[in-house]
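Analysis of the macromolecular model
Below are the chains, spelled out letter by letter.
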Amino acid sequence: MVRKRVPDWLNSSLWSTTPSDDRFQRYSPSPTTATAAVSEPAVQPPVPVPPPAAASRPQSSPTPKSEIRDPVNDNSDNNSNDNDQNGSSSDVSPEDISRQAQLLVELSKKVVNMRELRRIASQGIPDGEGIRSTVWKLLLGYLPPDRGQWSSELTKKRSQYKHFKEELLMNPSEITRRLEKSTGCDNDESKSESRGPLSRSQISHGEHPLSLGKSSIWNQFFQDSEIIEQIDRDVKRTHPDMHFFSGDSQLAKSNQDALRNILIVFAKLNPGIRYVQGMNEILAPLFYVFRNDPDEEMAQLDNSNVGIRSTITKLSQLLKEHDEELWRHLEVTTKVNPQFYAFRWITLLLTQEFNFADSLHIWDTLLSDPEGPLETLLRVCCAMLILVRRRLLAGDFTSNLKLLQNYPSANISHLLYVANKLRTQGSG
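Residues numbered from 1 in each chain as written. Predicted model: local features only at pLDDT ≥ 70, side-chain atom pairs only at ≥ 80, totals over all residues. Heavy atoms only, no water.

As recorded in an unreviewed UniProt entry, the protein chain goes by Ypt/Rab-GAP domain of gyp1p superfamily protein isoform 2 and comes from Theobroma cacao.

**Observations concerning the packing of helix α5 (residues 94-107) against helix α7 (residues 131-139)**
The contact between α5 and α7 brings their axes to 11 Å, and the two run at 55°. With respect to their mutual orientation, α5 and α7 come out oblique. Crossing handedness for the pair α5 and α7: left-handed. Residues Q100, L103, L104 and L107 of α5 touch α7, and the partners they reach there are I131, T134, V135 and L138. Looking at the contact of α5 with α7 residue by residue, the class counts come to six nonpolar, two polar and no charged. (Axes fitted to C-alpha atoms, helices over the stretch in contact; angles between N-to-C directions. Helix = DSSP H or I, 4+ residues; strand = E, 2+ residues; numbered from the N terminus. Parallel < 35°, antiparallel > 145°, perpendicular 65-115°, else oblique. Left-handed = near helix turned anticlockwise from the far one by under 90°. Contact = heavy atoms within 4.5 Å. Nonpolar A, V, L, I, M, F, W, Y, C, P; charged D, E, K, R; others polar.)

**What about the pattern of salt bridges?**
Enumeration over the complete set of coordinates arrives at 14 salt bridges. Between E153 and K156 there is a salt bridge, and its shortest N-O distance comes to 3.4 Å. Placement of both E153 and K156 in helix α8 (residues 150-168) is noted, with a separation of three residues, approximately one turn of the helix. Exposure remark for E153: the relative accessible area of 16% places this residue in the buried category. Of the charged contacts in the structure, one is a salt bridge between R423 and D369, with a shortest N-O distance of 3.2 Å. (Salt bridge = Lys/Arg side-chain N within 4 Å of Asp/Glu carboxyl O. Buried < 20%, exposed > 50% of the residue type's maximum accessible area, 1.4 Å probe, protein only.)

**Examining helix α16 (residues 339-347)**
Every buried residue of α16 is listed here: Y341, A342, W345 and I346. Down the axis of α16, the buried set is contained in an arc of 120°. They therefore lie on one face. Turning to α16, the residues buried within the fold contact α14 (308-322), α15 (324-333), α18 (373-387) and α20 (397-405). (Arc of directions from axis to C-beta.)

**Quick look at helix α17 (residues 356-368)**
The end-to-end C-alpha distance of α17 is 18 Å, a good match for the 18 Å that 13 residues give at a rise of 1.5 Å each. Counted residue by residue, α17 has 13 buried out of 13 residues, so it is predominantly covered. The N-capping residue of α17, defined by a side-chain oxygen 3.2 Å from the backbone nitrogen of A357, is N355. (Expected span 1.5 Å × (residues − 1). Polar contact = N/O pair within 3.5 Å; in protein donor to acceptor, adjacent residues only side chain to side chain.)

**Some points on the packing of helix α6 (residues 114-121) against α7**
As a packed pair, α6 and α7 sit with axes 11 Å apart at the nearest point and diverge in direction by 125°. When the axes of α6 and α7 are compared, the pair comes out oblique. Judged by the sense of rotation from one axis to the other, the crossing of α6 with α7 is left-handed. Within the contact between the two elements, α6 uses M114, L117, R118 and A121 and α7 uses V135, L138 and L139. Split by residue class, the contact of α6 with α7 holds six nonpolar, no polar and one charged.

**A short note on a nonpolar patch on the surface**
Together, F266, I273 and V276 line one region of the surface with nonpolar side chains, adding up to about 220 Å² of accessible area. Here V276 shows up in the loop between α12 (250-269) and α13 (279-291). (Patch = residues over 30% accessible without salt bridge, like charges linked within 9 Å, V, L, I, M, F, W, Y side chains within 5 Å. Areas by Shrake-Rupley, 256 points an atom, 1.4 Å probe, with all protein chains shown as cover.)

**Some thoughts on unusual backbone geometry**
Even without a glycine there, the phi angle at R274 is positive, about 60°. Along the chain, R274 turns up in the loop between α12 and α13. Phi at K335 is positive, roughly 60°, even though this residue is not glycine. Considering the arrangement of structural elements, one finds K335 in the loop between α15 and α16.

**Focus on the confidence of the model for the protein chain**
On average, residues of the protein chain carry a pLDDT of 74, and 63% of them reach 70 or more. Mean pLDDT values for the elements of the protein chain range from 34 in helix α4 (residues 78-87) up to 96 in helix α19 (residues 389-393). Scored below 50 in pLDDT, residues 186-203 makes 15 contacts in the model with residues more than four places away or belonging to other chains. (pLDDT = per-residue confidence, 0-100.)

**Brief notes about the environment of I262**
Relative to the helices and strands, I262 resides in helix α12. Residue classification places I262 among the partly exposed positions, given a relative accessible area of 23%. Sequence separation between I262 and F164 is 98 residues; the distance between their C-alpha atoms is 9.8 Å. Sequence-distant contacts of I262, defined by excluding residues within four places in its chain, comprise Y161, L283 and F287.

Okay, structure coming up:
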């Protein structure tokens, strides 16, 4: 059988070396810079900003760096703060400044050009100015392109979520009490009784805590308890290295409560899917980005295996199309089934394979694809295999599986470049 020739660009030394690129360093936060970022003043939201002012803004004030912003970890010493301030300007590349200006100009338009926004955002969204939060909401369809509708849409969606919480997170005792109150018990005696335990005569069979009826609110409550316990466990394990999500601070506890509420509401609104372990990891980047929007009006406050096999098969086919030698070595020679490593890659959208800042960069690209994130996700996964092809081709089942289940640190700019090349190679 004639094997497909590996394209020359795949054998470039570019993939075997790590260049000294400011953009790469920018996405590798150190403890010092992460804590120092807390002292940086909050900046104004990107909209409404007239285009001329938006274009000049990044030059008039230093742009916050791209490390994870952890508002709770405020124990950094003065030296680290000084170092951060002294080096802040050198860590922002000219490409980032230019891209930030382009995004600010685009977001200041009366109607955002979604095609242009996707093009710019796919290269990575610089941190600061609340840009990523606004752009992600547009890319996800949470906000419409027409800026004039943003305020009303936010009000409507937050009101809807508040209603969901009131309806779906209520204790059955309170539901029963409200039902009892709505039946017309208006005399003073009934009102005083409603403040204490309900009498047995007031509780119908369907409202009794021991009822096994399908329509029983208590039966449903106990069925949901198992899922809620799983959500509680997973939320407490979400990014334990980040004070934003973990710890005893009021902010961390508030954020954990918000994650818990969102996941429970989702599970109840989607009974066919409910909650699947790992959904907290997918929610975390979204909540972090929206919660940290400096514009409080825009900030997101807490106011199934179906198809996975088909998706993994598509990844296998994509690798075979672009690098048949590597595909054959993995799946035929060493018998490394892609389900052994790609299941987590795909279901958790790569949030466990890279650090948090790098995950945000990758998500910029995933969410910017006009055809949806899945195809881009598969190309990124395929690119991950190609970037370590030399080690994989030299390895056996054990070493290759260990490598892919513990993917090494990578230059995210290179990774996304390879993924984009796979798109052009496939369409060419």
